[in-house]
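One-letter residues, chain by chain:
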Amino acid sequence: MNKKKTVEYGKYGYFFILPFFLVFLVFQLYPLIHTFYLSFVDYRMIQGKMTDPTFCGFDNYLKVLTTHDFKLNKDVWFNTIPMNSIKQTIIIWVINFVPQILLALLLAAWFTDTVVKLKGQGAFKVLMFLPNIITASSIAVLFYNLFGNQGPITLMLKSMHIINQDYSFLNSRAGTVGLIGFMQFWMWYGNTMIVLIAGILGISPSLYEAAMVDGANSKQQFFKITVPLVKPILQFTLVTSAIGGLQMYDIPALFNVNNAIGQPGRASHTVTMMIKELAFSQNPDYGYAGALSVVLFIFTLLISLIFFAATKDRDDKKKAKHAVAKK
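Procedures and definitions
Residues numbered from 1 in each chain as written. Predicted model: local features only at pLDDT ≥ 70, side-chain atom pairs only at ≥ 80, totals over all residues. Heavy atoms only, no water. Helix = DSSP H or I, 4+ residues; strand = E, 2+ residues; numbered from the N terminus. Contact = heavy atoms within 4.5 Å. Polar contact = N/O pair within 3.5 Å; in protein donor to acceptor, adjacent residues only side chain to side chain. Pairing = 2+ DSSP bridges. Buried < 20%, exposed > 50% of the residue type's maximum accessible area, 1.4 Å probe, protein only. Expected span 1.5 Å × (residues − 1). Bend = angle between axes of the 7 residues up to and from the residue. Axes fitted to C-alpha atoms, helices over the stretch in contact; angles between N-to-C directions. Left-handed = near helix turned anticlockwise from the far one by under 90°. Nonpolar A, V, L, I, M, F, W, Y, C, P; charged D, E, K, R; others polar. Phe/Tyr/Trp six-rings, centres within 6.5 Å; stacked < 30°, edge-to-face > 60°.

## Details of the environment of Tyr 288
Within the element layout of this structure, Tyr 288 appears in helix α13 (residues 286-310). Separated by 250 residues in sequence, Tyr 288 and Leu 38 have C-alpha atoms that sit 8.1 Å apart. Not counting chain neighbours up to four residues away, the residues in contact with Tyr 288 comprise Asn 60, Lys 63, Val 64, Pro 82 and Leu 278. At a separation of 3.3 Å, a polar atom in the side chain of Tyr 288 contacts the main-chain carbonyl oxygen of Lys 63.

In structure tokens:
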């Protein structure tokens, strides 16, 4: 008997995903591996000529992490300009990240609450998501003019005696860092809210109906049903926010800079700005920039692992242990 020939359609799926892997290999994986390679070599420009890449071990990492204090005659760790840029990046990220997640989660729960049933939700969502579609350059220029020394908001705050007459947001470290953090928060909280709303809408309505029958109020439903079941989406949001926040470049690089240096006193000079300064200056040092990139990668990985651990479902782990104990 002749067997009927069947057509295997699954193989065609590989053709559709092939472009992604090609782009990933060429534009992401290879640069990542090459960056690790550069971090272990001395490859820079000296007197207008590029040196040949020579292996230097961990010398580039020592330049990132330590500086020699000639007064104390010893090496001081974590007090270098690159490490200061990492510290400032983390400060700006925390300023925008914490209120962003809290407000986005609160608004997502509010918009999806079956009891409140807010009218005109579509208009509110559009207004809150709108800053995300405005270019970062437009937002940076807007806030620079609003909060400049002669900006309308600065003059209004001075006339209301909220700030001193000689106060300048652009010359204040706290003022500049706070404004950059607020701009990042204002741009991204709407996007985070939409993602969390999608996650909450995926929860079965029967769970909320059963909770309402049992007499649970909105607060109890939020903490006992919404938060536990939206953990996978929240985990994704936390990790992507950490990755994007620690790599922030556009707004700090456009808001308050002088010769590509974040002002005042490098207060707004993020780590990606520092990497660009090292790699694309008149005398580039690719090994130094590569080492700083790897250090940033390690910081991002550690923070992501902390978020994974904090949002891990411990109940499943306990059930697994209990099942093993029974066996």
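## Description of the pairing of strand β5 (residues 66-69)
In the sheet, β5 pairs with strand β6 (residues 74-77) via four bridges, with the strands oriented antiparallel. The residue bridging Asp 69 from the neighbouring strand is Lys 74, located in β6. Linking two consecutive strands that pair antiparallel, namely β5 and β6, is a turn of four residues; a positive phi of about 55° is found at Asn 73 within it.

## Considering the side chain of Asn 132
With respect to the secondary-structure elements, Asn 132 resides in helix α4 (residues 121-133). With a relative accessible area of 18%, Asn 132 lands in the buried category. Engagement of the side chain of Asn 132 in a polar contact is seen with the backbone oxygen of Met 187, the distance being 3.2 Å. Excluding residues within four positions of it along the chain, Asn 132 makes contact with Met 187, Trp 188 and Asn 191.

## Some thoughts on α4
With 13 residues, α4 should reach 18 Å at 1.5 Å per residue; the first-to-last C-alpha distance of 19 Å fits that figure. Considering bend angle alone, the principal kink of α4 is centred on Leu 127 and spans about 25°; proline Pro 131 follows within four residues of it. Taken as a whole, α4 has its buried residues at Gln 121, Met 128, Pro 131 and Asn 132. Of the surrounding elements, those touching the buried residues of α4 are α3 (81-111), α5 (136-146) and α7 (173-201).

## Here we look at the packing of α3 against α7
Following both chains from N to C, one finds α3 and α7 inclined at 35°, their axes separated by 6 Å at the closest point. Crossing of α3 over α7 shows right-handed handedness. Its residues assigned to classes, the contact of α3 with α7 comprises 21 nonpolar, six polar and one charged.

## What about the packing of helix α1 (residues 12-38) against α13?
Packed helices, taken two at a time, are described by their axes: the angle between them and the distance between them. The N-to-C vectors of α1 and α13 enclose an angle of 115°; their axes lie 7 Å apart at closest approach. Where α1 crosses over α13, the handedness of that crossing is left-handed. Every residue of α13 that contacts α1 at Thr 35, Phe 36 and Leu 38 is listed here: Tyr 286, Gly 287, Gly 290, Ser 293, Val 294 and Phe 297. Considered class by class, the residues forming the contact of α1 with α13 number five nonpolar, four polar and no charged.

## Quick notes on the packing of aromatic side chains
Evaluation of the coordinates by the stated rule reveals 22 aromatic pairs. Ring geometry for Trp 110 against Phe 111: centres 5.7 Å apart, planes inclined by 25°, an arrangement best described as stacked. Residue classification places Trp 110 among the partly exposed residues on the basis of a relative accessible area of 40%. With relative accessibility at 4%, the residue Phe 111 sits in the buried group.

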